[in-house]
Amino acid sequence: FLWLFPALATGGGVVLAQYIGRGEEGNARRSVGQLTLLLVGFSMMISVLFMLFRDELLVLLFGQIEPQVMAYARTYFTVSIISYPFLALYNVGASVFRAVGNSKLSMTVSTAANALNLIGNAILIYGFGLEVLGAGLATLASRILGAVIMLYKLLRPDCRVGMRSFGDLRFQKDMFGRILRIGIPSGLESAAFNIGKLLVASLVSTLVTAAITANAVMNTLQSIILIPTSAIHLAAVPIVGQCLGAGKAEDAKYYTKWLVGLAYICLFITAGGTLLFANPILSLFKLTPETTAVALRLLRFYFCIVVTLYPLAFTITPCLRAG
């Protein structure tokens, strides 16, 4: 469900990028208000529903886990739910500033939020002994920080597409609809993909410890391997969207091909490098020999898939979405 926030924000980012490409700053600013209204409203609705059905959701997905693990999951989930509106507000700001070409700001804010999360984890878990609650509170604090900085930047007078008054948050049917027409399919695509991942996680939780641990390690390595391509996907929306907004369809096609090619190069470097140095990298996780063997098999299989199919499946998508 957290992946729905950036997916819906993409709808606003596409609309905004096209308005900027056409030089319509007034409409661009109004689209920011509609995006804020959509994401914050949606996140609050999800928060209320998840809080009401928290225990039922956990039992439905992970009913076979030990009582102590379930208690920890309940604690972390509760704190996480409170953070959803703040995460949504951060995604609004990140989508807006990327659409205008200022991806440096979202990088800086994300770095600051993650640093706070890391430091908060160390202090609250090891310093105060709060265990899972400490991890949850550190995450909450980092998301609040990200939201506050983004909101401050959006409200500054020198922000060319920032909100000028509460009037920008007034519901505007046509523009709201434009954002939803792009955001909803994007959100459903993201939801389908992540439901698949969730079902895999649910199945893996029933396997032996070596398989569970190897899968967790592979998820961590995958998140690192995909960092460059994730950046490419974020850049695709403003680049292609502004070209199309300005009526330059041939430029949009050129940049789409260029971005797909760049994704292949990045994946060969990151996935290939991880596979090449797999043994020293896996040694950092202090795994048993059995778990290391499973993780190596997963990594080899992952490399074959990611360097052939990933850009075709995922890099073309944001380029199409920008249209």
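Residues numbered from 1 in each chain as written. Predicted model: local features only at pLDDT ≥ 70, side-chain atom pairs only at ≥ 80, totals over all residues. Heavy atoms only, no water.

S.K.: Looking at this structure, I do not really get the overall build of the protein. What am I missing?
M.R.: Scanning the protein from N- to C-terminus turns up 14 helices and zero strands. Moving toward the C terminus, one meets the helices and strands of the protein in the order α-α-α-α-α-α-α-α-α-α-α-α-α-α. Here the C-alpha radius of gyration of the protein, 21 Å, is about what a compact globule of 323 residues would show, namely 20 Å. Per-residue burial for the protein yields a buried fraction of 42% across its 323 residues. (Helix = DSSP H or I, 4+ residues; strand = E, 2+ residues; numbered from the N terminus. Rg over C-alpha atoms; globule rule 2.2 N^0.38 Å. Buried < 20%, exposed > 50% of the residue type's maximum accessible area, 1.4 Å probe, protein only.)

S.K.: Looking at this model, I keep getting lost on helix H5 (residues 84–99). Mind explaining?
M.R.: Spanning 16 residues, H5 covers 22 Å between terminal C-alpha atoms, matching the ideal 22 Å at 1.5 Å per step. The buried fraction of H5 amounts to 14 of the 16 residues, a majority that puts the element mostly inside the structure. Taken from the residues just after H5, Gly101 is the one with a positive phi, measuring 95°. (Expected span 1.5 Å × (residues − 1).)

S.K.: Got a minute to help me understand the pattern of salt bridges in this structure?
M.R.: Side chains carrying opposite charge are able to pair once their charged atoms draw close together. Counted according to the given criterion, the structure contains six salt bridges. Glu24 serves as the salt-bridge partner of Arg22, at 3.4 Å between the closest nitrogen and oxygen. Between Arg156 and Asp158 there is a salt bridge, with the nearest N and O atoms lying 3.0 Å from each other. One salt-bridge network, held together by shared partners, links Arg54, Asp55 and Arg74. (Salt bridge = Lys/Arg side-chain N within 4 Å of Asp/Glu carboxyl O.)

S.K.: Hey, could you run me through a nonpolar patch on the surface in this one?
M.R.: On the surface, Ile119, Ile123, Phe128, Leu130, Leu133 and Leu137 cluster together to form a nonpolar patch covering roughly 530 Å² of accessible area. By secondary structure assignment, the location of Leu133 is in helix H7 (residues 131–155). Overall, the relative accessible area of 34% leaves Leu133 in the partly exposed class. (Patch = residues over 30% accessible without salt bridge, like charges linked within 9 Å, V, L, I, M, F, W, Y side chains within 5 Å. Areas by Shrake-Rupley, 256 points an atom, 1.4 Å probe, with all protein chains shown as cover.)

S.K.: Teacher, can you tell me more about the nonpolar core here?
M.R.: Among soluble globular proteins, nonpolar side chains are generally buried collectively. One finds Leu16, Leu39 and Val96 to be the most contacted residues of the largest nonpolar core, which totals 43 residues. Of all the secondary-structure elements, those providing two or more residues to this core are helix H1 (4–22), helix H2 (25–52), helix H4 (67–82), H5, helix H6 (103–127), H7 and helix H8 (173–204). It is H1 that contributes the most residues to this core, 10 residues altogether. One finds Ala214, Val217, Leu221 and Leu282 within the second-largest nonpolar core, a separate group that totals 19 residues. (Core = buried A, V, L, I, M, F, W, Y, C linked by side-chain atoms within 4.5 Å.)

In short, geometric facts, not functional conclusions.
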